[in-house]
Amino acid sequence: MDLRLNPEKGISAAERLKQMDMEEIAGMFAENSDEPYAEEIAREIAKRNRKRQETGGYEKDMESMSKKELKEVIEQVLSFIPEKERKEAVKKSCQRCFQALRIDVNQEFEVLESFLSKLPGILAPGGRAAILTFHSGEDRLVKYYFKDGKKEGIYSDVASDVIRPSAEECQRNPRARSTKMRWAIRDGENPHRM
């Protein structure tokens, strides 16, 4: 299951930013992507939102806020970073913030939680599941559901640690670098327990 941005969603990332207050934006950036400057970026977005409301600027193309202007906000917030390190820092913060927005707009954590709660019911006794995650928020959810399931006797065994791709695999496929895998085995003795 790939939880990428769904262009058919009725709400855009820009609209979502417009609807949230500073604390909600900061929480989203921190929770969904571990953005270290979440609060500072959220403060600047909220300030710009207030200014737009005061001047009636919401009639403009709001898609620019989700891309171009968000990058400008991040560049402004990170202007304290030494120049030779700033470009990379801005790039990484942009990636994290866009990821956080995608997760929020697509309700990816809710979809993943729904899947994880239904997983034991679709696994045969002794059945195995392996889940690849691409960032820490997803991994925390999978780890929680698997460990909790083992404690409750739903799973007979779960990965004790995360499995990461080898250096060789990352060299062949650089996108694999951020992946983590966890597995669980459905308890075989009482297939109806959940």
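Computed from a prediction, not measured in an experiment: that's the story for all the values here. (Residues numbered from 1 in each chain as written. Predicted model: local features only at pLDDT ≥ 70, side-chain atom pairs only at ≥ 80, totals over all residues. Heavy atoms only, no water.)

Under the counting rule described, the total for this entry stands at 3 aromatic pairs. Geometrically, the ring pair formed by tyrosine 37 and phenylalanine 80 is edge-to-face, given 5.7 Å between the ring centres and 70 degrees between the ring planes. Here phenylalanine 80 lies in the loop between helix H4 (63–77) and helix H5 (83–106) and tyrosine 37 lies in the loop between helix H2 (22–33) and helix H3 (38–55), a separation of 43 residues in the sequence. The partly exposed category is assigned to tyrosine 37, whose relative accessible area is 24%. (Phe/Tyr/Trp six-rings, centres within 6.5 Å; stacked < 30°, edge-to-face > 60°. Helix = DSSP H or I, 4+ residues; strand = E, 2+ residues; numbered from the N terminus. Buried < 20%, exposed > 50% of the residue type's maximum accessible area, 1.4 Å probe, protein only.)

Here the focus is the side chain of aspartate 139. Along the chain, the position of aspartate 139 falls in helix H7 (residues 136–151). Within the structure, aspartate 139 has its side chain in polar contact with the side chain of arginine 182 (distance 2.7 Å). Not counting the four nearest positions on each side in its chain, aspartate 139 is found in contact with Thr133, Val162, Lys180 and Arg182. (Polar contact = N/O pair within 3.5 Å; in protein donor to acceptor, adjacent residues only side chain to side chain. Contact = heavy atoms within 4.5 Å.)

We now examine the nonpolar core. Phe29, Ile41, Ile45 and Ile74 are the most contacted members of the largest nonpolar core, which totals 26 residues. Of all the secondary structure elements, the ones that give two or more residues to this core are helix H1 (13–19), H2, H3, H4 and H5. Of the residues forming this core, the biggest block, 7 residues, is contributed by H5. For phenylalanine 29, the residues in contact, after removing those within four places along its chain, are Leu17, Asp34, Glu35, Ala38, Ile41, Ile45, Cys97, Ala100 and Leu101. (Core = buried A, V, L, I, M, F, W, Y, C linked by side-chain atoms within 4.5 Å.)

A few words now on the sheet that holds strand S2 (residues 155–158). In space, the 3 strands of this open sheet follow the order S1-S3-S2, with antiparallel pairing throughout. The sheet is open, and its two borders are formed by strand S1 (128–133) and S2, each paired with just one other strand. For this sheet the average axis-to-axis angle between neighbouring strands, irrespective of direction, equals 20 degrees. The sheet contact formed by S2 and strand S3 (residues 180–186) spans 3 bridges and is antiparallel. Looking at the pairing, valine 158 lines up with alanine 184 of S3. The sheet strands contacting helix H6 (residues 108–122) are S1, S2 and S3, and the helix crosses S1 at an angle near 165 degrees. (Pairing = 2+ DSSP bridges. Axes fitted to C-alpha atoms, helices over the stretch in contact; angles between N-to-C directions.)

Taken together, the side chains of Lys87, Lys91, Lys92 and Arg177 define a basic patch exposed on the protein surface. Locating lysine 91 in the fold gives a position in helix H5. Classification of lysine 91 as partly exposed rests on a relative accessible area of 45%. (Patch = residues over 30% accessible without salt bridge, like charges linked within 9 Å, V, L, I, M, F, W, Y side chains within 5 Å. Areas by Shrake-Rupley, 256 points an atom, 1.4 Å probe, with all protein chains shown as cover. Salt bridge = Lys/Arg side-chain N within 4 Å of Asp/Glu carboxyl O. Lys, Arg positive; Asp, Glu negative; His and termini not counted. Charge placed at Lys NZ, Arg CZ, Asp CG, Glu CD.)

What follows is about the pattern of salt bridges. One pass over the full model with this rule turns up 16 salt bridges. Of the charged contacts in the structure, one is a salt bridge between glutamate 15 and lysine 18, with a shortest N-O distance of 3.4 Å. Residue glutamate 15 and its partner lysine 18 are both found in helix H1; the two are separated by 3 residues, about one turn of the helix. Under the relative-accessibility criterion, glutamate 15 is labelled partly exposed at 28%. Between glutamate 168 and arginine 172 there is a salt bridge; the shortest N-O distance is 3.0 Å. With glutamate 168 and arginine 172 both in helix H8 (residues 167–172) and 4 residues apart, this pair spans about one turn of that helix. The pair formed by glutamate 168 and arginine 172 is uniform in burial state, with each residue classed as exposed. Ionic contacts of the salt-bridge type, sharing partners, join the residues Glu44, Lys47, Arg48, Arg52, Lys68, Glu69 and Glu72 into one network.

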